[in-house]
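# Notes for the structure review
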Amino acid sequence: MTVQQEAPGDSEALEVWIDQDLCTGDGICAQYAPEVFELDIDGLAYVKSAEDELLQAPGATTPVPLTLLRDVTDSAKECPGDCIHVRRVSDRVEVYGPGGGGGGRGGPGAPLCVF
């Protein structure tokens, strides 16, 4: 995974990290992007390095390869724990996930339920 990490139409490199305190262990992320995410023996999801090494340090980040951008952002959008964060490397602003404009399941950009 040594592909140049750029968002489509943008020259901004992106990185992703998982908040294990919020991870529900559903494994949706590993289904969408197994090259980037993996469930560990503790039942929680973690990001992987470009060398396929599990990164278990809290807040560990890994680059988002352009070829996997859609899979990674879909993972963030579908995550039931809202624990996947995709941000720009340059300014660390979240662009997908619970704090990003792309919205997690309950974050900004998520559909509202009206009763």
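All of these numbers come straight from a predicted model, not from anything done at the bench.

## Quick look at the overall build of the chain
Counting its regular elements, the chain contains 2 helices and 7 strands. Counting across all 115 residues of the chain, residues that qualify as buried make up 40%. Sequence-distant contacts in the chain: of pairs separated by 6 or more residues, those separated by 24 or more amount to 53%.

## What to know about the environment of Ile18
Tracing the backbone through its elements, the reader meets Ile18 in strand β1 (residues 14-18). Take Ile18: its relative accessible area is 3%, and that puts it in the buried class. Once the C-alpha coordinates of Ile18 and Ile84 are considered, the two residues, 66 residues apart in sequence, prove to be 4.7 Å apart. Those residues in contact with Ile18 that sit more than four places away from it in its chain are Phe37, Ala45, Tyr46, Val47, Cys83 and Ile84.

## Side note on unusual backbone geometry
Look at Asp52: it is not a glycine, yet its phi comes out positive at around 70°. The backbone of Asp82 sits at a positive phi, close to 45°, despite the residue not being glycine. Relative to the assigned elements, Asp82 resides in the loop between α2 (69-78) and β6 (84-88).

## Focus: the environment of Gln56
Its place among the elements puts Gln56 in the loop between β4 (54-55) and β5 (62-63). Spatially, the C-alpha atom of Gln56 lies 10.0 Å from that of Leu44, the residues being 12 residues apart in sequence. Ignoring anything within four residues of it in the chain, the contact list for Gln56 reads Asp40 and Tyr46.

## Looking at the sheet that holds strand β3 (residues 45-48)
If you walk across this open sheet you meet the 3 strands as β2-β3-β4, and the pairing is antiparallel. A strand with exactly one partner marks an edge of an open sheet, and here the two such strands are β2 (37-39) and β4. As defined by bridge partners, β3 adjoins β4 across 2 bridges and the pair is classed as antiparallel. In the sheet register, Lys48 faces β4, and the bridge partner there is Leu54.

What counts, and where the lines are drawn
- Residues numbered from 1 in each chain as written.
- Predicted model: local features only at pLDDT ≥ 70, side-chain atom pairs only at ≥ 80, totals over all residues.
- Heavy atoms only, no water.
- Helix = DSSP H or I, 4+ residues; strand = E, 2+ residues; numbered from the N terminus.
- Buried < 20%, exposed > 50% of the residue type's maximum accessible area, 1.4 Å probe, protein only.
- Contact = heavy atoms within 4.5 Å.
- Pairing = 2+ DSSP bridges.

Taken by themselves, the reported measurements are silent on function.
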